[in-house]
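The chain contents come next:
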Amino acid sequence: MNINDNIESPLELRVSFNKLLEHYEESINSKDKDEVKRAKLVLKTAEKFPELRDGFTDLKVLKEREKEIEFILRDAFNPLLTLNEIKTASVPFHNMIFNSSNRFKDIVKTAGKDFNLEIKNMLKDDVYIIACTIILQACYGHKLNFKRPFLYEIPDAEGIMRYYKILYNADFIEIIPTDKSIEITQEDFDMLLDNFDNIDIWKEKFPPNSYIFKGFVISNIFDVTDDQSISNIKTNLIGEEKRQNEDFMESFHDIFRSLFGLKDIQVGFSIYNKEENTFERVYGVGMKSFLLNDLEKNDCSLTLCKRSYGTLLKDKKFYAVSDVDKFYELSKGKAPQYKTLKDQGFKSAILAPIAENEELLGILELVSDKPKVLNSINANKLVDVMPFIVSAVKRSKKDEENLIEAIIQKECTSIHPSVHWKFKAEAKNFIRDEIQGEEPNFNKISFDNIYPLYGQIDIKGSSQARNWATQEDLSIQLSLTKTIVEHAYNIEGLPIYEQFLYQIDDHLNGLKEHFQVDSEQQISAFIKDDIEPLFEHLNQIDEFKQEIQSYYSHIDDKLNVLYQHRKDYDETIGMINAEMASLLDKKQVKAQRMYPHYFERFKTDGVEHNLYIGEAITKDNNFNPIYLYNLRLWQLQVMCEMENAYYQMQNEFSIQLDVASMILVFSQPLSISFRMDEKHFDVDGTYNARYEIVKKRVDKAYIKGTEQRVTEKGKLAIVYSQKQDELEYLRYISFLQSKNYLDTDVEIVELDDLQAVTGLKAIRVSILYHRDQDDKEVYTYEDLMKEIKA
């Protein structure tokens with residue numbers, strides 16, 4: 001078998017001891033008789049086998065001349081050091097080893113029969129290029145600093161990965177050009193300097209097997225497990241994407257196992273909350289806290305005893321527990337950290353404070369199910385690791401703060417991504433002015449000549465449904481109350497009980513006959529001030545205890561009222577709003593890709609949304625009215641889809657409610673600005689304010705000459721004032737009719753005048769519904785209701 005088989009390299013490898021033998025030839029002239037004697041013996045041995053000097057590629061020669069090679073290399077592999085040194089003789093970048101120290105043999109043997117020795121951090125293309133750099137230095141004198149640490153990763157008897165660094169001694173090699181070699185000019189060299197990643201250029205200048213490598217290398221190998229483990233910890237902590245990976249914590253465990261040389265240790269973290277003096281769980285894939293166990297957070301004084309509290313939080317020193325069971329017994333089970341560790345089956349542990357500048361950030365937790373393997377002595381292995389842990393935790397806390405701010409911005413301040421660029425630019429100006437010593441001022445954020453779009457899907461009859469739910473809950477609670485008070489009156493006959501019964505009946509009649517805005521408040525006050533003190537008294541009497549307990553089982557603990565029908569109502573409204581808002585948000589993602597625009601939505605009794613589109617928002621000079629028309633059509637289509645989605649999920653709600661949809665068309669461009677005090681955008685100018693007035697009042701408008709509201713369940717209402725808007729939207733409606741979104745019953749109506757607003761009209765058209773997403777059959781609202789109730 002040829003040593004060069006299955007290897008692509010510019011170097012044709014030949015094992016040769018010529019350079020070493022030349023060294024011995026020089027030693028013959030030494031004044032040291034022993035050195036001369038040894039040199040002659042080596043040269044005599046080599047003389048019998050010319051291939052040892054001339055070089056060979058056949059692997060059989062290594063086996064046939066094993067004793068002679070070992071004899072020739074004996075000075076390099078001192079028998080006295082063979083159990084201590086880790087050393088091999090081989091050819092470079094090849095896993096074939098023909099001589100090694102006993103310690104190296106033992107390390108590989110311990111790794112097991114299935115272990116395959118190879119250099120881990122060497123890519124195939126890199127090997128080729130490294131060989132080229134060797135040629136450049138040996139044949140052309142170009143010194144390129146391409147020294148990288150090469151490593152073996154070899155498991156020990158416990159299966160713990162250990163790391164070994166390889167240092168090559170290249171004193172005994174020769175590089176000889178062949179007739180395949182190409183002369184490398186200065187121009188070639190300069191080009192190679194800029195093309196490390198282009199393997200094709202390197203292969204063009206250094207064809208495979210165009211040079212002969214004649215000789216061998218001695219590899220001096222060192223156990224660098226501690227250093228490499230620290231480096232791996234640093235690398236793992238730097239990569240944010242790695243920390244989100246499911247395998248991150250398991251690899252982290254393995255790194256610490258290598259560092260400590262212990263197979264069965266686990267790593268956990270807990271974050272310190274200074275404001276609340278608590279430890280909190282770190283959220284992440286595979287993250288655990290062995291101090292907190294199943295708790296999300298816990299007070300520090302309930303997590304640690306006084307001594308460990310002082311060591312970790314005040315002194316910022318390691319706290320080692322070499323024998324959990326022993327210390328648990330000594331503390332009589334009163335020290336919380338021993339009990340928590342014992343409950344999880346751990347026998348030893350190290351708790352390390354993650355701290356910087358006297359500020360505690362969190363706790364690094366190492367645990368093992370074996371006693372004494374973690375202790376105050378090997379805890380010092382963490383000294384070199386902790387700076388990287390501290391940096392990672394600081395960065396993680398900063399990322400969390402940024403994420404919190406981003407969520408607050410998204411959920412509370414409504415700064416949409418489409419306009420974020422302007423806020424960012426103004427913030428930069430603010431910082432610049434501050435640095436230059438000027439009075440910083442956050443200037444007004446405004447956008448001119450933009451087109452507004454407004455739409456809403458409103459829950460019809462929500463006020464009546466809320467009132468009904470309130471009446472039902474109050475009636476049930478008063479009836480429960482009446483039963484108990486009647487029982488008390490029958491036993492004691494006190495006039496005050498009779499008065500309470502009168503008040504209860506009065507309230508029950510009021511709920512049925514004339515429920516008012518303050519009825520709920522009056523009844524709640526009556527129950528709190530009069531009935532609850534009575535029930536507290538009656539609860540002391542055995543005869544009433546069961547009744548009183550039964551009453552309170554119907555009462556909500558947090559609200560202290562009977563909260564059943566109102567809960568159904570609130571949950572229904574919440575679910576409707578959440579589903580509609582979620583659908584609108586998803587549709588918005590696609591709409592933003594069509595053309596960027598400002599978007600905001602609000603949850604009330606339904607979902608409202610504002611859209612603003614124009615060149616000022618995108619900051620690019622590519623706005624065209626076609627994008628406005630497209631967005632208007634998109635809005636119409638999405639309103640139909642939201643109605644369909646609602647009625648498809650209506651059966652999931654506790655209370656059956658209807659919705660009605662409306663769009664407001666405003667054809668004139670306007671200006672909006674960000675109100676710093678209210679943290680949202682609003683229109684500018686007196687004329688533009690008319691738009692906001694219409695928005696707030698139009699859904700309550702009546703069709704002229706009737707008592708009928710413009711919005712109606714099952715219909716889409718499009719409110720406008722200009723004839724060109726009417727014609728435009730009729731075209732959209734015709735298109736959506738062809739796609740079975742809308743019915744053919746289009747009507748155009750005039751609306752009653754609103755305060756300060758006249759001349760409004762509306763297009764109303766029925767929405768077509770589908771039973772589910774795959775249903776091709778279309779239904780009107782009436783058809784759909786019949787199908788649902790059937």
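In what follows, the structure referred to is the one given above.
Before going into details, it helps to say that this report is about the structure given with it. (Residues numbered from 1 in each chain as written. Predicted model: local features only at pLDDT ≥ 70, side-chain atom pairs only at ≥ 80, totals over all residues. Heavy atoms only, no water.)

1. Focus: the pattern of salt bridges
Then step 1. Summed over the entire model, instances satisfying the criterion amount to 39 salt bridges.
Then step 2. Residues Lys203 and Glu8 are paired through a salt bridge, measuring 3.0 Å at the closest nitrogen-oxygen approach. Within this pair, whereas Lys203 is found in helix 9 (residues 199-205), its partner Glu8 is found in the segment before strand 1 (11-15), the two being separated by 195 residues in sequence.
Then step 3. Given a relative accessible area of 41%, Glu8 falls into the partly exposed group. (Salt bridge = Lys/Arg side-chain N within 4 Å of Asp/Glu carboxyl O. Helix = DSSP H or I, 4+ residues; strand = E, 2+ residues; numbered from the N terminus. Buried < 20%, exposed > 50% of the residue type's maximum accessible area, 1.4 Å probe, protein only.)

2. Remarks on the side chain of His597
Then step 1. Here His597 is to be found in the loop between helix 23 (565-594) and strand 16 (598-604).
Then step 2. Non-local contacts of His597, meaning those with residues more than four positions away in its chain, are made with His416, Ser418, Gln588, Ala591, Gln592, Leu611, Tyr612, Ile613, Ile617 and Leu631. (Contact = heavy atoms within 4.5 Å.)

3. Brief notes about the pairing of strand 2 (residues 86-90)
Then step 1. The buried count for strand 2 comes to 5 of 5 residues, which makes it a mostly enclosed element.
Then step 2. Of the two faces of strand 2, the one holding Ile86, Thr88 and Ser90 and the one holding Lys87 and Ala89 are both buried throughout.
Then step 3. Here strand 2 pairs with strand 8 (residues 217-223) via 5 bridges, running antiparallel. Its bridge partner lying in strand 8, Lys87 is registered against Asn220.
Then step 4. In the sheet, strand 2 pairs with strand 3 (residues 97-100) via 3 bridges, with the strands oriented antiparallel. In the strand pairing of strand 3, Ser90 is matched with Ile97.
Then step 5. Between strand 2 and strand 3, which follow one another and run antiparallel, lie 6 residues, and Phe93 among them has a positive phi close to 60 degrees. (Pairing = 2+ DSSP bridges.)

4. Some thoughts on the environment of Ile86
Then step 1. By the secondary structure assignment, Ile86 is in strand 2.
Then step 2. Take Ile86: its relative accessible area is 6%, and that puts it in the buried class.
Then step 3. Separated by 21 residues in the primary sequence, Ile86 and Ile107 place their C-alpha atoms 9.0 Å from one another.
Then step 4. Beyond its immediate chain neighbours, meaning those up to four positions away, Ile86 contacts Ser101, Arg103, Phe104, Ile107, Tyr164, Ser219, Asn220, Ile221 and Asp223.

5. Thoughts on the environment of Gln464
Then step 1. Examined against the element boundaries, Gln464 turns out to sit in helix 19 (residues 462-492).
Then step 2. Given the relative accessible area of 56%, Gln464 is considered exposed.
Then step 3. Taking the C-alpha atoms as reference, Gln464 lies 28 Å from Ile531; in sequence the two are 67 residues apart.

6. Section: the packing of helix 1 (residues 18-27) against helix 2 (residues 33-47)
Then step 1. At a closest axis distance of 8 Å, the pairing of helix 1 and helix 2 adopts a crossing angle of 140 degrees. Considering the angle they form, helix 1 stands oblique to helix 2. For helix 1 against helix 2, the interelement crossing comes out left-handed. Two secondary-structure elements touch here, helix 1 through Leu21, Tyr24, Glu25 and Ser27 and helix 2 through Glu35, Val36, Arg38, Ala39, Val42, Leu43 and Ala46.
Then step 2. Partitioned by chemical class, the residues of the contact of helix 1 with helix 2 number 7 nonpolar, 1 polar and 3 charged. (Axes fitted to C-alpha atoms, helices over the stretch in contact; angles between N-to-C directions. Parallel < 35°, antiparallel > 145°, perpendicular 65-115°, else oblique. Left-handed = near helix turned anticlockwise from the far one by under 90°. Nonpolar A, V, L, I, M, F, W, Y, C, P; charged D, E, K, R; others polar.)

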